[in-house]
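# Analysis of the macromolecular model
Given next are the chains, with one letter for each unit.
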Amino acid sequence: MKISSLHIDGFGRFYKGAFGPFERPVTVFLGPNEAGKSTLLEFIRRVLFGFRTARGRAPSGYNDYPPLAGGRHGGNLTIVSDKGETVTVQRFQGAGGGPVRLTAASGGPLPEGDLSRLLGQHSREVFKNVFTFTLDELHDEALLKDDSVNVQIYSVGMGATKLPAARNALGSAKQALFLKGGSRHKIAGAGGELGKVDSQLAEVANNASAYSDLTSQLKEVEEELERLSGLRRKHQLELNQQKRLESAWEDWNDLNDAERELSRLPFIEDFPVDGISRLETLEERISTAQGEYKSASELVEGATAKAEAPVGHEAILTHSTEIRELGQGRTSFVNSVRDLPKRITELKDHERSLAATLKDLGAEWDEARLENFDLSMAVREDVSQYRERLQGAEQILGLSKSTLTQHVNLLEEAAEAEGRAKREIEAAGKPVGRKNGSKVLPAVCVAAGLTLLALGMVLGGSALFLGVAAGLALAGVAAYLFATGRPSAGADTEFARLARELERAQELAKQRHGRVEKCKKDVEEAELSLESVQRSWRQWLADRGLLEKFQPETVDVLQGKVELGRNQLGSLRSHRERIDAIQYDIDEYVAKAAPLASDFGVPFDRNDSNTVAAAAHRLIELHDEVNGKVNDRTNAETALMNAQHQLKTRASDLRKIEKEMEGLLHAGGTADAEDFRTRAEIVRRRMDLEEKRREAHSRLQRLSGPGEPLDALKKQLGDTDFQTIRDQASLAQEESDNADLEIRELSNRQGSIQKDLKNLTGEEESSRLRAERQRWLEEMRGHAREWAVRTIAENLLKEAQGKFEKERQPDVVRHSEEFFRNITDGRYQAVFSPLDSSEIQVTDSSGVPKQPSQLSRGTREQLFLSLRFGLIQDLGQRSEPLPVIVDEALVNFDPERGLRAARAFAELSRTNQVLVFTCHPTIVELFQDAAAQSGVQEPQVVPIG
Amino acid sequence: MRIRFVHSADLHLDSPFTGLKAAAPENVADRLYSATFEAYDNIVNLCISEEVDALLVAGDVYDGADRSLRAQLKFVEGLKKLDAKGVRSFVCHGNHDPSDGWEARLNYPAGCHCFGPEWEAVPVSDDANGVVIHGISYPKRDVAENLARRLGRVEPSPFSIGLLHANVSNDPNHAPYAPCSLDDLAASGIDYWALGHVHTRQVPSEREPAVVYPGNPQGRHPNESGPRGVYLVEVDDGGNVGLDFRPMDTVRWARLDSDIGAFRTEQELLDALHERMQGVLDGADGRSVVVRMTLTGRGELNRTLRRPNTIEDLVEEINREWAERSPFAWCERIEDASASPFDREARLKGSDFLAEVLRTADRAKTDPELMARLGGGLSDLYQHHRFRRYLSRFAPDEEELTVLVDEAEAMAVDMLVEDEDR
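Residues numbered from 1 in each chain as written. Chains lettered and ligands numbered in written order. Predicted model: local features only at pLDDT ≥ 70, side-chain atom pairs only at ≥ 80, totals over all residues. Heavy atoms only, no water.

With that settled, the discussion passes to the overall build of chain B. Scanning chain B from terminus to terminus reveals 13 helices and 15 strands. Burial statistics for chain B: of 422 residues in total, 56% are counted as buried. For chain B, contacts bridging at least 24 residues in sequence account for 71% of all contacts bridging at least 6. Element-wise, carbon and sulfur atoms account for 46% of the exposed surface of chain B, whose accessible area totals about 17,200 Å². (Helix = DSSP H or I, 4+ residues; strand = E, 2+ residues; numbered from the N terminus. Buried < 20%, exposed > 50% of the residue type's maximum accessible area, 1.4 Å probe, protein only. Contact = heavy atoms within 4.5 Å. Areas by Shrake-Rupley, 256 points an atom, 1.4 Å probe, with all protein chains shown as cover.)

Written out as structure tokens, the structure reads:
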């Protein structure tokens, strides 16, 4: 099969690109780096064998060559089969590697399955590993190492370049798992652990026989314990008996002693219960009652003295109200006395201020006038009105006068204009008389107009007036000219105009005169009006006693002064009143204190305010003292009554207690306290002894136990002595202790056995160990299985290899031999594989056999290529020969080696299309030379990029 | 004559779970240690709550090697508990606990009868219902004799029970101890054969006579999956037998296969595995579960799974979620039997070396000599003097060898084919 053209729709950097037709056996694709050689190569592979099927992440280093420049991802290849049929293979990226479409030359579709036939049933992998030559594989480390070169070269001949690596990987994986004779592999590790667990298990197994031994030991111990317990019980009983006698011994003695003493003591009947304590209580109560009586007497004495004590100046209490008032007014009095001079000084200041104001107002002003002067709003309004009226009248007068002046001026001007007009007429009148008057008139008109104009300007008359005047003048001239139709008529017209002008000026002067007259009248009227107002104002002033010369403004100032004076007068009067009040208070206070001071002997000078204040203070003190003493006396009288009552009670209490004492002594059969005490002691002693006898008796009864009569115990006690009891008790104790000791020892033994048994029955160690054993067993089994799989895999490869060697290798080697001979220019004659050996050997021209490891590196490479070519040819004989791709494979060869290798490819191109991808122009030359030397058609060079 | 009894067998008390590769976490390990005991406790409690007349134990109370003291004591303790409640017990020994095996000096309760190495006939109860149990224990481990035939024809009685540990009809999955046929059993005149030995419950014959294996009450191996327990047997006055299976196990085994073909990412696979774990726990009736997973099929994910520690990480991830619960689901391992995507059929047609490898593997399946060559050298390990005592019983048989060849082929393909070219 040959590729005749490529049509890329979109793939990597290519978009709608076409290459081909490729018509020669060798096609060299030449382009610089990054021009897209690898892209083209991949394009061919993927259209033929499909895109990547895997979903998800691509393997590292894998390039999808997405259509970067656009287009649909994929394209067509046109191929020609060995039989000459032309087929277009179209494939685009899609599900399952992209569906493929085959089209025959006729345009008809072909079944998809035909592709595999056209590709000689070869897989993508075979295409890559057998038909594609890359730079990398010729520099494979294995090809350079002597020890592995044979295997590597040999496996190339089988199309299984990864076989040696696979063998190595299997071998080392197996060794890690298990190595016969080894000890560091995983199986051995697991075996070691198993051994350990087994021996631990064996130890645990001994536990079971221990269990039986322990069970019988336990039984023996338990029997012995029972016997000893019986013995100990017997000794305990004896011990208890002796202990009982021992503990009864003291009571036995007490009983006997008590009975003996009781028989000796006298018997006293009916002695008062608690006699001594009652006696003592009564004695104490008598003593207390006597003490209390004594203090009550003292209290009466003291109270009587206090109640009868005299009080001086008691009469002052009848003046309590006045004294209280003196107390309340004292501070006020002191303040008044202190403030009075200050107030008087202030009064004088006020008097001075008022006098100054009155002086300002005038000699005729005094306090009365000040008070009576009318400052009402009506008065103020009057003044204001007069002011306005006077001002108004004065203004009108001023205005009238000024208007008059203006009109007089205007009149003068008008008179002047009249005079001027007259003069002009006179001047114009002369030529009129000599010549035709009608010629003079227009000139007169002009003169009059000019005069008017001049007069208007001088008088400052309105523009309208001037316009009209000028218009009239021009109209008059025009009218004249039109009427006469002759220039000679102009002088007459001028004169007429001047005459009219004069007439008008005269009229104006007359009008102005009238106006001047009216203005004069106005002035007169204004003067009269002003005078009338002034008269009225003067009358107003006179009515109020004010000077006629006062202007309304003056009256304003006067009113202000009067107001000030009136305020000052007010302050002055209130000061005077205040001083009077202070003085009154002082006098009143003195008047109140004076008689009291005199009555109770307190020094007093009514003119000295200090002694007045001191006297008041002393009176208050005296009043309080007397008051306190009288109160004390009243209290003492009450206390005296109480004390007398108490004294009576105490005396009665004391008598009652003394009576009780008598009764008690009598009950004790005596009248004397000392005797009473002696009798009481006898009674107490008898009671103690009886108690002692009773207790001893009851304790003995308790010891004698239920069922055993006390008499028996008494008899036992009576029959023995204390020492004998002690001796027998200690003997029993000793024997009981011995039994105890033995029991304790045996109990410990029993506990220890029971503990051991419990440990044995409860132990889970064996469970754990067995589980662990299973785990290690499983681990070992797992490793064994892994090892078995790898062993079988090794065997499988070996079997396949054996079959390949047997059935295919001879042909491959045969084909290779021819290539090798050609490439080496006959230096090597034969390639062969010894029988049943996975080795390749060569024979040089002299017939000497050599191992690949004995060859130079170049020759090894040639042998490598030859074997590959042999395989290609072998495959070609079995199925469709595929194109061979050389991807920069020869770049690093020296020129000679390169040429030989290129020749080999040239040779191969006789059966298989050769596609060379390179960026080196020298490679093109190499193939061109090789083709020439081999006698094959010159390569076709396809530039890329 | 009405009688109710519990038929149990193969208690294998205190024998460890086998097939576990990983050390279980503490909570799981504790349950596993005690699982056989708990199952036995469940049986005792069932007898008491159901107020049955008797408990029958058809051999293999313990494992020979694992007849721990603890196991024996616990066993007797249970029997004493039954005795106290008036439930009698009948025990025969099998290949795993033959009478010649070591036994601690234990006091069996009065209500318990342990059969000796000769056939004996014992009435089930003191009252006169006439039900008789015939039983025999293995005197030693290897009993190749047909013990059923040795019994002969029994004396007629209203209802008779045979208690025996035996392999009926030579079940090839079990060791051929005391082999006998259904005909041998029928010929004896026994009405109910209470058998032990086969761990998966089965009823080879429902009547005349009823022949019943209850299976073991607690699975101890990945292959012993599903509910395990005993039969609660009720015999009516007419001698009709009613069987009621009662699960007694506390921990269950489950095997899960997952085809990786459907998953694109590790996370997708993990999610699916979580779902499976949930399912397995949901289906276990509130019991804990030990799970063995197998990844199968072909898919791109295989590439990821082959990376070091990936499988271990998956196991850890799953157990982090499930193993610490109560009840737990503990994934004991994940076996990777998956393969990378590879068009085997297409490659078989090729003429290259790889095609030869595939053809060789195929050929081996029909060519015993070739198969033997492929398996050559395995005995180096399986019969190695140091390891054979552990490994010889695992040496691959013919069937296993076929599986191994498939795995070996997949491995070889992985090594020869370049990733990009699958």
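The subject of this paragraph is the side chain of His384 of chain B. Turning to its location among the elements, His384 of chain B is positioned in the loop between helix 11 (379-382) and helix 12 (388-391). Not counting residues up to four positions away in its chain, the partners in contact with His384 of chain B are Phe178 and Lys180 of chain A together with Ser379 of chain B.

All names here are of chain B. Taking 1.5 Å per residue, 17 residues should reach 24 Å; helix 5 (residues 266-282) reaches 24 Å between its end C-alpha atoms and fits that length. By the burial criterion, the buried members of helix 5 are Leu269, Leu270, Ala272, Leu273, His274, Met277, Val280 and Leu281. Close packing links the buried residues of helix 5 with strand 13 (251-259), strand 14 (288-296), helix 6 (301-305), helix 7 (310-322) and strand 15 (329-336). (Expected span 1.5 Å × (residues − 1).)

Turning next to unusual backbone geometry. The residue after Glu208 of chain B, namely Pro209 of chain B, is reached through a cis peptide bond having omega -10°. One can find Pro209 of chain B in the loop between strand 9 (202-205) and strand 10 (210-213). Backbone torsion omega between Ser326 of chain B and Pro327 of chain B reads -5°, so that peptide bond is classified as cis. Within the fold, Pro327 of chain B resides in the loop between helix 7 and strand 15. Positioned with a positive phi, Asp274 of chain A is a non-glycine residue whose angle comes to about 55°.

Bringing the pattern of salt bridges into the picture now. Residue and element names in this part refer to chain A. The final tally for this structure, using the stated rule, is 88 salt bridges over all chains. Put simply, Lys174 and Glu794 hold a salt bridge, and the shortest N to O gap is 2.8 Å. A residue pair is termed long-range when its members are at least 10 positions apart, and Lys174 in helix 7 (residues 163-177) and Glu794 in helix 21 (residues 765-807) qualify at 620 residues. Lys715 is the partner of Asp719 in a salt bridge, and the nearest nitrogen-oxygen pair spans 3.0 Å. Placement of both Asp719 and Lys715 in helix 19 (residues 710-719) is noted, with a separation of four residues, approximately one turn of the helix. Taken as a pair, Asp719 and Lys715 share a single burial class, namely exposed. (Salt bridge = Lys/Arg side-chain N within 4 Å of Asp/Glu carboxyl O.)

This paragraph deals with the pairing of strand 4 (residues 74-80) of chain A. Residues and elements named next belong to chain A. With six of seven residues buried, strand 4 lies mostly within the body of the structure. Pairing geometry for strand 1 (residues 2-11) and strand 4, over seven bridges, is antiparallel. Looking at strand 4, one finds that Ser5 is bridged to Thr78. Counted along the chain from strand 4 to the antiparallel partner strand 5 (residues 86-92), the turn is five residues long, and its residue Gly84 has a positive phi close to 95°. (Pairing = 2+ DSSP bridges.)

Residues and elements named next belong to chain A. Counting across every chain of the model gives 32 aromatic pairs over all chains. Between Phe127 and Phe131, the aromatic rings sit 6.4 Å apart at their centres with planes inclined by 25°, giving stacked as the arrangement. The burial state of Phe127 is the same as that of Phe131; both residues are buried. Clustering of aromatic rings is evident, with ring pairs tying together Phe133, Phe819, Phe869, Phe905 and Phe927. Note that Arg775 overlies the ring of Trp776, its terminal NZ or CZ placed 5.4 Å from the centroid. (Phe/Tyr/Trp six-rings, centres within 6.5 Å; stacked < 30°, edge-to-face > 60°. Lys NZ or Arg CZ within 6 Å of the ring centre and 35° of its normal.)

Let us look at the sheet that holds strand 1 (residues 3-8) of chain B. All names here are of chain B. Within the open sheet, the six strands sit side by side as 4-3-2-1-11-12. Their pairing is mixed. At either margin of the open sheet sits one strand with a lone partner, and together these are strand 4 (112-114) and strand 12 (241-247). For this sheet, the mean inter-axis angle between neighbouring strands, taken without regard to orientation, is 20°. As defined by bridge partners, strand 11 (residues 229-235) adjoins strand 12 across seven bridges and the pair is classed as antiparallel. By the bridge assignment, Val235 is partnered in strand 12 with Val241. Its contacts with the sheet put helix 1 (residues 26-49) on strand 1, strand 2 (54-58), strand 11 and strand 12, and the angle it makes with strand 1 is roughly 175°. (Axes fitted to C-alpha atoms, helices over the stretch in contact; angles between N-to-C directions.)

Another aspect to go through is the nonpolar core. Of all hydrophobic cores here, the largest spans 137 residues; its most connected members are Leu890 and Phe905 of chain A together with Phe353 of chain B. Per-element tally for this core: the top contributor is helix 21 of chain A, with 14 residues. Filtering out sequence-adjacent residues up to four positions away, Leu890 of chain A remains in contact with Gly898, Ala901, Ala902, Phe905, Ile923, Leu926 and Phe927 of chain A. With 48 residues, the next largest nonpolar core counts Phe373, Trp540, Ile586 and Ile620 of chain A among its residues. (Core = buried A, V, L, I, M, F, W, Y, C linked by side-chain atoms within 4.5 Å.)

A word on the packing of helix 5 of chain B against helix 7 of chain B. Residues and elements named next belong to chain B. Two numbers describe how helix 5 lies on helix 7: the axes approach to 11 Å, and their chain directions differ by 45°. By the angle class used here, helix 5 and helix 7 are oblique. As helix 5 runs across helix 7, the sense of the crossing is right-handed. For the pair helix 5 and helix 7, contact is made by Glu266, Leu269, Leu270, Leu273, His274, Met277, Gln278 and Leu281 and by Thr310, Leu314, Glu317, Ile318, Glu321 and Trp322, respectively. (Parallel < 35°, antiparallel > 145°, perpendicular 65-115°, else oblique. Left-handed = near helix turned anticlockwise from the far one by under 90°.)

This next bit is on helix 2 (residues 69-84) of chain B. Count 3.6 residues to each turn of an α-helix, and residues three or four apart come out pointing the same way. All names here are of chain B. For helix 2, with 16 residues, the first-to-last C-alpha span of 22 Å sits near the 22 Å given by 1.5 Å per residue. Listed in full, the buried residues belonging to helix 2 are Leu69, Arg70, Ala71, Gln72, Leu73, Phe75, Val76, Gly78, Leu79 and Leu82. Phi turns positive, to about 80°, at Gly86, one or two residues after helix 2.

In this section: the sheet that holds strand 7 (residues 109-110) of chain A. Residue and element names in this part refer to chain A. Strand order in the open sheet formed by six strands is 2-1-4-5-6-7, with antiparallel pairing between adjacent strands. With partners counted over all chains shown, the strands left at the sheet margins are strand 2 (14-19) and strand 7, one partner each. Where strand 4 meets strand 5, seven bridges bridge the pair, whose relative direction is antiparallel. Across the sheet, Ile79 pairs through a bridge with Val87, a residue of strand 5. Set on the sheet, helix 1 (residues 37-49) makes contact with strand 1, strand 2, strand 4 and strand 5; between it and strand 1 the angle comes to about 100°.

Turning our attention to the packing of helix 1 of chain B against helix 2 of chain B. All names here are of chain B. At a minimum axis distance of 10 Å, the contact between helix 1 and helix 2 shows a crossing angle of 10°. Judged by the inter-axis angle, helix 1 sits roughly parallel to helix 2. Facing Phe37, Tyr40, Val44, Asn45, Cys47 and Ile48 of helix 1, the residues of helix 2 in contact are Arg70, Ala71, Lys74, Phe75, Gly78, Leu79, Lys81 and Leu82. A breakdown of the residues in the contact of helix 1 with helix 2 according to their chemical character gives nine nonpolar, two polar and three charged. (Nonpolar A, V, L, I, M, F, W, Y, C, P; charged D, E, K, R; others polar.)

Residues with a pLDDT of 70 or more make up 96% of chain B, whose mean pLDDT is 88. Scoring of the predicted complex yields 0.55 for pTM and 0.83 for ipTM. (pLDDT = per-residue confidence, 0-100.)

Residue and element names in this part refer to chain A. Per-residue confidence for chain A gives a mean pLDDT of 84, with 90% of residues at or over 70. Segment residues 432-440 is flagged for pLDDT under 50; beyond a separation of four residues in sequence, or across chains, it makes 27 contacts in the model. A low-confidence stretch, residues 460-468 stays under pLDDT 50, and its non-local contacts, those more than four residues away or across chains, total five contacts.

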